[in-house]
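Coordinates in review
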Amino acid sequence: MEPIEVIRILNFSLAALFVLCYAYQFFYLAVPFLKKDKPHGPAKLHRYAVLISARNEEAVIGHLLDSIRGQDYPSDLVTTFVIADNCTDATAEVARQHGAVVYERFNRVKVGKGYAMNELLAHIDRDYGKVFDGFFVFDADNLLEPDYITQMNRTFSDGYEIITSYRNSKNYADNWVSSGYALWFLREAAFLNHPRHLLKTSCAVSGTGFCFSRRILEQRGGWNFFLLTEDIEFTIANVVAGERVGYCKDAVFYDEQPTTFRQSCRQRMRWARGYVQVFQAYGLKLLKGIPQRNGFACFDMAMAIMPAIVLTVVGIGTNAAAAVLGFLAGQNVLIALWSATQFLVNSYLLMLFVGAVTTLSEWKHIRATTAQKIFYVFTFPLFMLTYIPISFAALFKRVEWKPIEHSVSVSLADINRRAG
């Protein structure tokens, strides 16, 4: 069979497989418009610990702690803990000045947020005992709306023991990189986690802005999640154990997105490698769970952590190999080039559609001018397409956890004054 014919067959097969794996996510786009949220039941007051792992975050952590102290939830039921992880700046001092209980950690061998979280929870268990009903997790660059904990507590009182929330951005309008991240996270909240919640399947924790109960912590034997994407590992470990992650659309927090492409590449390469690690560790368990009671959640999470990267890399790699073989055999390689171009154009149009739907749906939540909102719809697909080389490199390059520098020192009042 000629290389060009191989390209045609392979591309058709990959396209069919991609549709088979991800068609259900197009249905997700319609769910929030077709199904209404169930009213909350009576809310009970619970006692919460707020967990913050921070490394050299003196520029931003004060604003987060102020937003926690400014919550309309009873302050005597919320205790904020910060673990200053290998800090060389004044993070610990600033955190103490803003009312947090601070522990300092210096360990250059066990590096990463997972290890810091595990040590922080050990400190809390030793010094406070089992007095907290639930635990919130935030990053130092986050900011919370004043009713954040109140809204999360309503969902917690409904019986959900792991809950994620609505992730917005402090710096959406900075450039095409920050807006690319922000729009993806808005899409994740509005058209992945919200539909999942409405359909009573499991949502996914993403980075920060989530809580879990003491029972969940004890069931998992502590915070034993040390892969490069410990948040995804936490989600998958609970899904395969039969737990369901809920979502609270009314609990809004903000985080800071990277603005340089170099920094973005480093972070997303870690994420891509982390997805591979999680799939290696839990992929078989997810597949075995598909015939079980929470089978759709297992399928959904399996699709979320691996196949898109694999299908994309295989498709591009095979097209390139077939083009080279065709060239060496003296055949016309324009078909291969046309196939690659068609793939990129179709991908751009698909991401353009996703970005446009998300922007229109979440228009009032985006802190940017009208012109910026429209412009960044068209740059969003370019941002997403850069995942292709990043994901490919992550399969072969050694990737280690490195902190992301945060410097957008703004308060919640500053964000709310921006154009909407």
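Please read these numbers as outputs of a predicted model, since none were measured by experiment.

A word on a positive patch on the surface
Where like charges cluster on the molecular surface, the positive patch consists of K35, K38, K200, R244 and R293. The residue K35 is located in the loop between helix 1 (3-34) and strand 1 (48-54) in this model.

A look at the side chain of S202
For S202, the position within the fold is in the loop between helix 6 (176-198) and strand 7 (210-213). Engagement of the side chain of S202 in a polar contact is seen with the backbone nitrogen of V245, the distance being 3.1 Å. Ignoring any residue separated from it by four or fewer positions in sequence, one finds S202 in contact with R196, V239, E243, R244, V245, A297, D300 and M301.

A few points about unusual backbone geometry
At N86, a residue that is not glycine, the phi angle is positive and equals roughly 55 degrees. Among the secondary structure elements, N86 is positioned in the loop between strand 2 (78-85) and helix 3 (91-97). A relative accessible area of 2% places N86 in the buried class. Residues other than glycine seldom take positive phi values, yet K200 does so here, at roughly 65 degrees. Secondary-structure assignment places K200 in the loop between helix 6 and strand 7.

Some details on the UniProt feature "transmembrane region" (unreviewed entry) in the protein
UniProt records the feature "transmembrane region" (unreviewed entry) for residues 12-34, 302-329, 335-354 and 374-396 in the present numbering. Here residues 12-34 runs as 100% helix and 0% strand, with 33 Å between its end C-alpha atoms. Helix makes up 87% of residues 374-396 and strand 0%, and the two end C-alpha atoms of the span are 36 Å apart.

Structural notes on helix 13 (residues 370-385)
If you check helix 13, its first and last C-alpha atoms are 24 Å apart, about what 16 residues at 1.5 Å a residue would give, namely 22 Å. The sharpest bend along helix 13 measures roughly 35 degrees and falls at F378, with the proline P381 sitting one to four residues further on. When helix 13 is considered as a whole, its buried residues turn out to be K373, Y376, V377, T379, F380, P381, F383, M384 and L385.

Thoughts on the sheet that holds strand 7
Adjacent strands of a sheet pair through backbone hydrogen bonds, lying either parallel or antiparallel. The strand order across the open sheet built from 8 strands is 3-2-1-4-7-6-8-5, with neighbouring strands paired in mixed fashion. Strands at the two margins of the open sheet, each flanked by one partner only, are strand 3 (101-105) and strand 5 (143-144). Pairing of strand 6 (residues 162-169) with strand 8 (residues 246-255) involves 7 bridges; the strand directions are parallel. Of the residues in strand 8, the one forming a bridge with Y166 is V252.

A closer look at the environment of V82
Mapped onto the elements, V82 comes out in strand 2. Put simply, V82 and L51 are 31 residues apart on the chain and 6.2 Å apart in space, counted from C-alpha to C-alpha.

Regarding the pairing of strand 4 (residues 134-139)
Where burial is concerned, most of strand 4 is hidden: 5 out of the 6 residues are buried. Where strand 1 and strand 4 come together, 6 bridges link them in parallel fashion. Counterpart to A49 in the pairing with strand 4 is F135. The pairing of strand 4 with strand 7 spans 4 bridges and is antiparallel. In the strand pairing of strand 7, F135 is matched with F212.

Conventions and cut-offs
Residues numbered from 1 in each chain as written. Predicted model: local features only at pLDDT ≥ 70, side-chain atom pairs only at ≥ 80, totals over all residues. Heavy atoms only, no water. Patch = residues over 30% accessible without salt bridge, like charges linked within 9 Å, V, L, I, M, F, W, Y side chains within 5 Å. Areas by Shrake-Rupley, 256 points an atom, 1.4 Å probe, with all protein chains shown as cover. Salt bridge = Lys/Arg side-chain N within 4 Å of Asp/Glu carboxyl O. Lys, Arg positive; Asp, Glu negative; His and termini not counted. Charge placed at Lys NZ, Arg CZ, Asp CG, Glu CD. Helix = DSSP H or I, 4+ residues; strand = E, 2+ residues; numbered from the N terminus. Polar contact = N/O pair within 3.5 Å; in protein donor to acceptor, adjacent residues only side chain to side chain. Contact = heavy atoms within 4.5 Å. Buried < 20%, exposed > 50% of the residue type's maximum accessible area, 1.4 Å probe, protein only. UniProt positions renumbered as here; feature names shortened; annotations may be inferred. Expected span 1.5 Å × (residues − 1). Bend = angle between axes of the 7 residues up to and from the residue. Pairing = 2+ DSSP bridges.

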